[in-house]
Amino acid sequence: MQSLVSTEWLAQQLGAADLVLFDASWYMPADQRNAQALYRAAHLPGARFFDIDRIADTESTLPHMAPTAARFEHLVAALGVEDQSRVVFYDQQGIFSAPRGWWLMRLFGHERVAVLDGGLPKWQRERREVAVGEASPPTPGSFRAALNARYLRGLGDVRANLSQPRELVLDARSADRFFARVPEPRAGMRGGHIPGSRNVPYAELLANGETMLAPELLQRRFAAAGVDAGSAVVTSCGSGLTAAVLTLGLEVSGLPSGALYDGSWSEWGAREDTPVER
């Protein structure tokens, strides 16, 4: 299954017994938008809501950190996912938070997963059918999760990489945040970036903020950041969300998708013992 699917493909697959469709929308607090309320107002037929803040480690002080395999297994099975399901994520902004769901499924061993290119905006612009209200309760699935650790990096991994660089860290935040030209949106965060990291704002991988660029254009953008077919890459952002857009972009471009630093700047920028470049 390809990691990025078109609205045309999905329209032909709707209703298939093995297809599970998720709205994985999430908004920054400053946006003051309720993703679940907007889901009830309009969602793709048959889609269920994938709550990124709930399908997470809710005991962590950091936002939506990856849960344990047992918690992920329990919550995703309750949403109707089977071991053989084809799972497609979309979001209400085009491509913003849906890749986080895609990355989580891969992190826990499920490779039959994709992101809808263009998400809800493209679907609606094409005048395709939408549903309203709550989805009918799903029949729980039989799903087994197994952590695929090669897709994940933690604080210790990124620290160790400073002294013995083996992986290139790509930061998906805006250039203004990366270079500390504007304050961080979360209180208590220092400005700047992880020493040695490169800035690839996630929006630069998208056309009109909605659809992923063609593979050759993605390769060109990543090459400008020093990425080639032999690179080992770790993606990062503010809270591990849009880092997954970079991870997806690497996959679509044919480059090694690498790993994701889950704590991202919410962890690194809040500590006093982590070095920062500006």
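As a reminder, the structure under discussion sits directly above these lines.
Rules of the game
- Residues numbered from 1 in each chain as written.
- Predicted model: local features only at pLDDT ≥ 70, side-chain atom pairs only at ≥ 80, totals over all residues.
- Heavy atoms only, no water.
- Pairing = 2+ DSSP bridges.
- Helix = DSSP H or I, 4+ residues; strand = E, 2+ residues; numbered from the N terminus.
- Contact = heavy atoms within 4.5 Å.
- Axes fitted to C-alpha atoms, helices over the stretch in contact; angles between N-to-C directions.
- Phe/Tyr/Trp six-rings, centres within 6.5 Å; stacked < 30°, edge-to-face > 60°.
- Buried < 20%, exposed > 50% of the residue type's maximum accessible area, 1.4 Å probe, protein only.
- Lys NZ or Arg CZ within 6 Å of the ring centre and 35° of its normal.
- Core = buried A, V, L, I, M, F, W, Y, C linked by side-chain atoms within 4.5 Å.
- Right-handed = clockwise from strand over helix to strand, strands pointing away.
- Polar contact = N/O pair within 3.5 Å; in protein donor to acceptor, adjacent residues only side chain to side chain.

## So, the sheet that holds strand E4 (residues 86-90)
Pairing between sheet strands relies on hydrogen bonds along the backbone, with the strands arranged either parallel or antiparallel. With parallel pairing, five strands are arranged side by side in an open sheet as E1-E5-E4-E2-E3. Of all strands in the sheet, those bounded by a partner on one side alone are strand E1 (4-5) and strand E3 (48-49). Against the sheet, helix H4 (residues 98-107) makes contact with E4 and strand E5 (113-116), and its axis sits at roughly 175° relative to E5, the strand it touches most.

## Brief notes about the packing of aromatic side chains
Following the criterion strictly, the structure yields nine aromatic pairs and no others. Geometrically, the ring pair formed by Phe-178 and Phe-179 is edge-to-face, given 4.9 Å between the ring centres and 85° between the ring planes. Given the relative accessible area of 3%, Phe-178 is considered buried. Grouping aromatic residues by their ring pairs yields a cluster made of Phe-22, Phe-50 and Phe-89. Lying over the aromatic face of Trp-123, Arg-128 brings its terminal NZ or CZ to 5.5 Å of the ring centre.

## Some words on the nonpolar core
Counting 53 residues, the largest nonpolar core has Phe-50, Phe-72, Phe-89, Met-105, Leu-170 and Phe-222 as its most contacted members. Sorting the residues of this core by element identifies strand E2 (19-23), helix H3 (69-78), E4, H4, E5, strand E7 (168-171), helix H8 (215-224) and helix H9 (243-253) as the ones contributing at least two each. When neighbours within four sequence positions are excluded, Phe-50 is seen to be in contact with Phe-22, Asp-23, Ala-24, Ile-55, Phe-72, Val-76, Leu-79, Phe-89, Gly-101 and Leu-104. Membership of the second largest hydrophobic core comes to 12 residues, among which are Leu-10, Tyr-90, Leu-120 and Trp-123.

## As for the pairing of E4
Summarising burial for E4: five of the five residues are buried, a large majority. By the alternation rule, side chains of E4 split into Arg-86, Val-88 and Tyr-90 and Val-87 and Phe-89, which are all buried. Here three bridges tie E4 to E5, and the two strands are oriented parallel to one another. Looking at the pairing, Val-87 lines up with Val-113 of E5. On the question of chirality, the crossover connecting E4 to the parallel E5 by way of H4 is right-handed.

## A few points about the side chain of Arg-100
Tracing the backbone shows Arg-100 in helix H4. A polar atom in the side chain of Arg-100 sits 2.7 Å from the backbone oxygen of Gly-240. Side chain to side chain, Arg-100 and Asp-262 meet in a polar contact 2.8 Å long. Once residues within four sequence positions are removed from consideration, Arg-100 is found in contact with Ile-52, His-64, Met-65, Ala-66, Gly-240, Leu-241, Ala-244, Leu-260 and Asp-262.

## What about the sheet that holds strand E6 (residues 152-153)?
Judged by pairing direction, the sheet is parallel, and its five strands sit side by side in the order E6-E12-E11-E7-E8 without closing on themselves. The strands lining the two open edges of the sheet, one partner per strand, are E6 and strand E8 (198-199). Note that strand E11 (residues 233-236) and strand E12 (residues 259-261) share two bridges and pair parallel. Residue pairing in the sheet places Thr-235 in a bridge with Leu-260 of E12.

Bear in mind that shape data such as this cannot, by itself, settle questions of function.
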